[in-house]
Amino acid sequence: MVEDERTIAQSVAARLRAEGFTVDLAYDGPSAVAKARAGKPDLVVLDVMLPGFDGLEVCRRIQAERPVSVLMLTARGDETDLLVGLAVGADDYLTKPFSMRELAARVHALLRRVDRAGPSGGHRDETPIVVGDLEINRSERRVRRAGVEAHLTPTEFDLLVHLASRPRAVLPRERLLAEVWGWADASGTRTVDSHVKALRRKLGADLIRTVHGVGYALEARP
Ligand code: CA
């Protein structure tokens, strides 16, 4: 849990501990990166505004070392929009003020997803997915386009697998949110947009087509 406002940090930590999690606290950017390196958490709850360097930089640095789920806390809705636009690699966003109940629900949903995707998870389909020049190896969680490997975050990978499993089909954002993020409500569709943007940046702008007002479809080159 990374947040310099200690009352928020401590109440989040208290709630997550009550849910059975082990929680470590950091109050600035540099110590967050150091603690993530040492403690290897399954998930990081990360505020954007931090002393030292900000949550975006923390997110970049910890994601560069190992894949880890990040739930980012933002001060306002327009800050969320900005971060979605930047596609910083957070798995989910929560705008302040949030209820502890909502925070706990998001944390559980993210960790369920990591469990599913892990080596002991339910999906053990080893068959590579090939769509045009895109090749996805699910057992190794590796992606190549036109022979060039792309490095994706776990959430980006899961989203790509969902889109590539039904090529050319238009998948509504709400459905992607439910299937990839495990959310029942549609309040986080901007999170989907953020990850599509990141996939385009890493794999080519032409890979995923936007169907305005509906969702996305994957269309690889032959
Ligand atoms: Ca803060």
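Our structure's up above, just so we're on the same page.
Here we summarise the structure given alongside this text.

Parameters at a glance
Residues numbered from 1 in each chain as written. Predicted model: local features only at pLDDT ≥ 70, side-chain atom pairs only at ≥ 80, totals over all residues. Heavy atoms only, no water. Helix = DSSP H or I, 4+ residues; strand = E, 2+ residues; numbered from the N terminus. Rg over C-alpha atoms; globule rule 2.2 N^0.38 Å. Buried < 20%, exposed > 50% of the residue type's maximum accessible area, 1.4 Å probe, protein only. Contact = heavy atoms within 4.5 Å. Areas by Shrake-Rupley, 256 points an atom, 1.4 Å probe, with all protein chains shown as cover. Lys, Arg positive; Asp, Glu negative; His and termini not counted. Charge placed at Lys NZ, Arg CZ, Asp CG, Glu CD. 1 Å grid on protein atoms, 1.4 Å probe; cavity = no way out; pocket = protein on both sides within 12 Å on 5 of 7 lines; lining within 4 Å. Points joined across faces, edges and corners; volume = space filled by probe spheres on them.

1. Focus on the overall build of the protein
Point 1. Scanning the protein from terminus to terminus reveals eight helices and 10 strands.
Point 2. Relative to its length of 222 residues, the protein is compact, with a C-alpha radius of gyration of 17 Å against a globular reference of 17 Å.
Point 3. Scored against the burial criterion, the 222 residues of the protein give a buried share of 46%.
Point 4. A separation of at least 24 residues holds for 55% of the contacts in the protein among residues at least 6 apart in sequence.
Point 5. Of the roughly 10,800 Å² that the protein leaves accessible, carbon and sulfur atoms contribute 53%.
Point 6. Taken as two groups, the 33 positive and 32 negative side-chain charges of the protein have centres that lie 2 Å from each other.

2. Quick notes on the layout of surface pockets
Point 1. Reported here for the second largest pocket is a volume of approximately 470 Å³.
Point 2. Lining the second largest pocket are 22 residues, and of these T22, V23, D24, P41 and L43 sit closest to its centre.
Point 3. Looking at the lining of the second largest pocket, the elements with two or more residues in it are α2 (29-39), β1 (43-47), α3 (55-65) and α5 (100-117).
Point 4. The dominant element in the lining of the second largest pocket, judged by the number of residues it contributes, is α2, at four residues.

3. A few points about the environment of L177
Point 1. Topologically, L177 is positioned in helix α7 (residues 173-181).
Point 2. On the accessibility criterion, L177 (0% relative accessible area) is buried.
Point 3. Each C-alpha atom, one on L177 and one on S31, is 32 Å from the other, the two residues being 146 residues apart in sequence.

4. Structural notes on unusual backbone geometry
Point 1. Of note, the bond from K96 into P97 is cis; its omega dihedral lies within 30 degrees of zero at -5°.
Point 2. Examined against the element boundaries, P97 turns out to sit in the loop between β3 (92-95) and α5.
Point 3. Residue A146 is not a glycine yet carries a positive backbone phi of 50°.
Point 4. The exposure class assigned to A146 is exposed, which follows from its relative accessible area of 54%.
Point 5. Phi angles above zero are rare outside glycine, and R168 is one such case at about 70°.
Point 6. Mapped onto the secondary structure, R168 falls in the loop between α6 (154-165) and β8 (171-172).

Nothing here speaks to function; it is geometry throughout.
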